[in-house]
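Structural characterization, general
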Amino acid sequence: MFQAFDNPGPDRPLRRAQWMALLARAPLGLLESALHEHATRPARWLRAPETGLMMVQGRAGGTGERFNLGEVTVTRCALRVADASDAAEATVGVAYVLGRSHRQVQLAALADALLQDPAQQPVLDAQLLEPIRTHLRNTQAERQARAASTKVDFFTVARESGTDNDEDTE
Amino acid sequence: MSMIPLASLGAGFSNEAIGSQAVFRAVLQALSHPGRTVAVEHDAQTPSAGHAASAAVLLALLDSDCTLWLSPRLAASDAGAWLRFHTGCTLVTDPAQARFVWVAQGDEWPALGSLASGTDIYPDQSATCVVDVLRATATTTDSEGAWHLRGPGIQEVAALQVEGLPDDFETHWAANHAVFPRGVDLLLATADHIVGLPRTARAARVVPALQEA
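Residues numbered from 1 in each chain as written. Chains lettered and ligands numbered in written order. Predicted model: local features only at pLDDT ≥ 70, side-chain atom pairs only at ≥ 80, totals over all residues.

1. Some remarks on the overall build of chain A
Selection criterion: The way it works is that DSSP assigns letters per residue, a run of H or I at least four long becomes a helix, a run of E at least two long becomes a strand, and they are numbered from the N terminus. What counts as a contact is two residues whose backbone-derived C-beta atoms lie within 7 Å of each other.
The secondary structure content of chain A amounts to five helices and three strands. The order of α-helices and β-strands along chain A, N terminus first, is α-α-β-β-β-α-α-α. For chain A, restricting intrachain contacts to residue pairs at least 6 apart in sequence, the fraction spanning at least 24 positions comes to 61%.

What follows is the structure, encoded as structure tokens:
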């Protein structure tokens, strides 16, 4: 789902937390098509993909007491990607995604490592992050449209006379 | 704690399950045969500070429920960050709260008596010390300056030549042995070998013969 914080804003720089949040929700197909030319970059696992459970907490109405909503399957990894110009320099990309797809988390970590290079950021922002934003926006619009079609309006029929209209009789 | 960039840390075992089981097996071997040197084979990219064997042992043994105390030289290096990243352990500044203790070669030992020694009901809740020493080799019983070890896991007596133990080790170790079943267990680590010294082992030093002037 598209969230309000996914909009970087007109002059605000793209922050790492923002693109990591986007990558975490990116579908595998989008990652594959945008990163196919980078997927061959020499890379080593710092932490190989591992799947585990994470407790998700919620608050009733967003303000109530915290409660445990349930556990979700999360796959995470850390990938050390060698720099294109200097082999000794390396960037570490980290990714956490829902589900158990190792390929998806690997590509998300690769994208995170590449995005940390300021030179590549604008290209990847256009090629990868923008399609993700569009995809998330469309998913949200679809869900809203589906929910809107089930909307029911309740009317309260005003009573002409009732038992508790004491105020009116006086 | 200062932030250490993730890019400077090395990788852990290339296969977590098999790598840590192989090292765990070496630790079992070392603790069941006190005084015997056991090779630690691993493929982890261990931190530059501290010995690789001790880093691999801690990488295999630690998990997120463990507390770890590092000696000053290790605490100043990236060893703590490396172990925290790969195992999720908690670093503590008070050695008495630690379940694992890692002392770098040449750093001062925390007093063995001040470490967690468990209780009579739960002797397993004690500290395990991994200590880096310059050299530790099994030797013959008649060699000078060797430690004579006796206890479970040793046929009669095992002789061990160690460089890097503090001078008052014998009294501290005797005190540690005396509080059995409580007490700490020790793993002496060289660059690629470990020697186990469980609390059940008694250690006595062969007094070097006086040099003729």
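2. Some points on the nonpolar core
Side chains that are nonpolar tend, in soluble globular proteins, to be buried together. Which entries qualify depends on this criterion: As used here, a nonpolar core is made of buried Ala, Val, Leu, Ile, Met, Phe, Trp, Tyr and Cys residues. They are joined through C-beta atoms within 7 Å. In this scheme the burial state of a residue depends on its C-beta neighbours within 10 Å: 20 or more other such atoms mean buried, 12 or fewer mean exposed, and anything in between means partly exposed; the C-beta positions come from the backbone.
In terms of nonpolar packing, the biggest core is built from 87 residues, with B:Val57 and B:Ile194 touching the most fellow members. When residues of this core are assigned to their parent elements, the largest contribution, nine residues, is made by helix α3 (residues 102-115) of chain A. Dropping the residues within four chain positions of it, B:Ile194 is found in contact with B:Ala26, B:Val27, B:Ala30, B:Val38, B:Val40, B:Ala53, B:Val57, B:Leu187, B:Leu188 and B:Ala189.

3. A short note on unusual backbone geometry
In this model, B:Phe180 is joined to B:Pro181 through a cis peptide bond whose omega is 10 degrees. With respect to the secondary-structure elements, B:Pro181 resides in the loop between α5 (169-178) and β9 (185-189).

4. Let's talk about the sheet that holds strand β2 (residues 66-82) of chain A
Residue and element names in this part refer to chain A. Definition in use: Two strands are counted as paired when DSSP detects at least two bridges linking them. Note on method: axes are straight lines fitted to C-alpha atoms, helices fitted across the in-contact stretch only, with angles between N-to-C directions ranging 0 to 180 degrees.
Strand order in the open sheet formed by three strands is β1-β2-β3, with antiparallel pairing between adjacent strands. Sheet topology places β1 (43-59) and β3 (90-98) at the edges, where each strand pairs with a single neighbour. Adjacent strand axes in the sheet meet at a mean angle of 20 degrees, parallel and antiparallel pairs treated alike. Note: β2 against β3, nine bridges, orientation antiparallel. From the neighbouring strand, Ala78 faces β3, where its bridge partner is Val94. Together, β1, β2 and β3 form the strand contacts of α3, whose direction differs from that of β3 by roughly 140 degrees.

5. Observations concerning the pairing of strand β4 (residues 100-103) of chain B
Residue and element names in this part refer to chain B. Side-chain alternation along β4 places Phe100 and Trp102 on one buried face and Val101 and Val103 on a second face that is also buried. The pairing of strand β2 (residues 67-70) with β4 spans three bridges and is parallel. Residue pairing for β4: Leu70 is matched across the bridge by Trp102. Where β4 and strand β5 (residues 128-132) come together, four bridges link them in parallel fashion. Looking across to β5, one finds that Val103 is bridged to Val131.

6. Some words on helix α4 (residues 121-148) of chain A
Residue and element names in this part refer to chain A. Quick reminder of the rule: Expected span of a helix: the number of residues minus one, times 1.5 Å. Think of it this way: the bend at a residue is just the angle between two axes, each fitted to seven residues, one set ending at that residue and the other starting at it.
For α4, which comprises 28 residues, the first-to-last C-alpha distance of 37 Å matches the rise-based estimate of 40 Å (1.5 Å per residue) to within 8%. Roughly 35 degrees is the biggest bend found in α4, and it falls at Leu129, with proline Pro131 one to four residues downstream. Listed in full, the buried residues belonging to α4 are Leu128, Leu129 and Ile132. As for α4, its buried residues are in contact with α1 (16-24), α2 (28-35) and α3.

7. Side note on the sheet that holds strand β8 (residues 158-163) of chain B
All names here are of chain B. Across the sheet, four strands lie side by side as β6-β8-β7-β11; this open sheet has antiparallel pairing. Strands at the two margins of the open sheet, each flanked by one partner only, are β6 (135-139) and β11 (202-205). Averaged over all adjacent pairs, the angle separating strand axes in this sheet is 30 degrees, with direction ignored. Strand direction decides the pairing type here: strand β7 (residues 147-150) and β8, joined by three bridges, are antiparallel. When the sheet's bridge partners are listed, Leu149 is paired in β8 with Ala158.

8. What about the environment of B:Arg73?
Residues and elements named next belong to chain B. With respect to the element layout, Arg73 can be found in helix α3 (residues 72-75). Residues Arg73 and Ala138, spaced 65 residues apart in sequence, show a C-alpha to C-alpha distance of 28 Å. When sequence neighbours within four positions are dropped, the list of residues in contact with Arg73 reads Ala49, Ala104 and Asp107.

9. Some points on the interface of chain B and chain A
Reports often express the size of an interface as the amount of accessible area lost when the parts come together. Rule in force here: Residues are grouped as follows: Ala, Val, Leu, Ile, Met, Phe, Trp, Tyr, Cys and Pro are nonpolar; Asp, Glu, Lys and Arg are charged; every other residue, Gly included, is polar.
Residue-level contacts link five residues of chain B with nine residues of chain A. Taken together, the residues of the side of chain B that touches chain A break down into four nonpolar, one polar and no charged.

10. Brief notes about the confidence of the model for chain A
How we decide: For every residue, the pLDDT score states the predictor's confidence, bounded by 0 at the bottom and 100 at the top.
Scored by pLDDT, chain A has a mean of 85; 88% of the residues are at 70 or more. Per-residue pLDDT, averaged within each element of chain A, yields its smallest value for helix α5 (residues 166-169) of chain A (52) and its largest for α3(A) (93).

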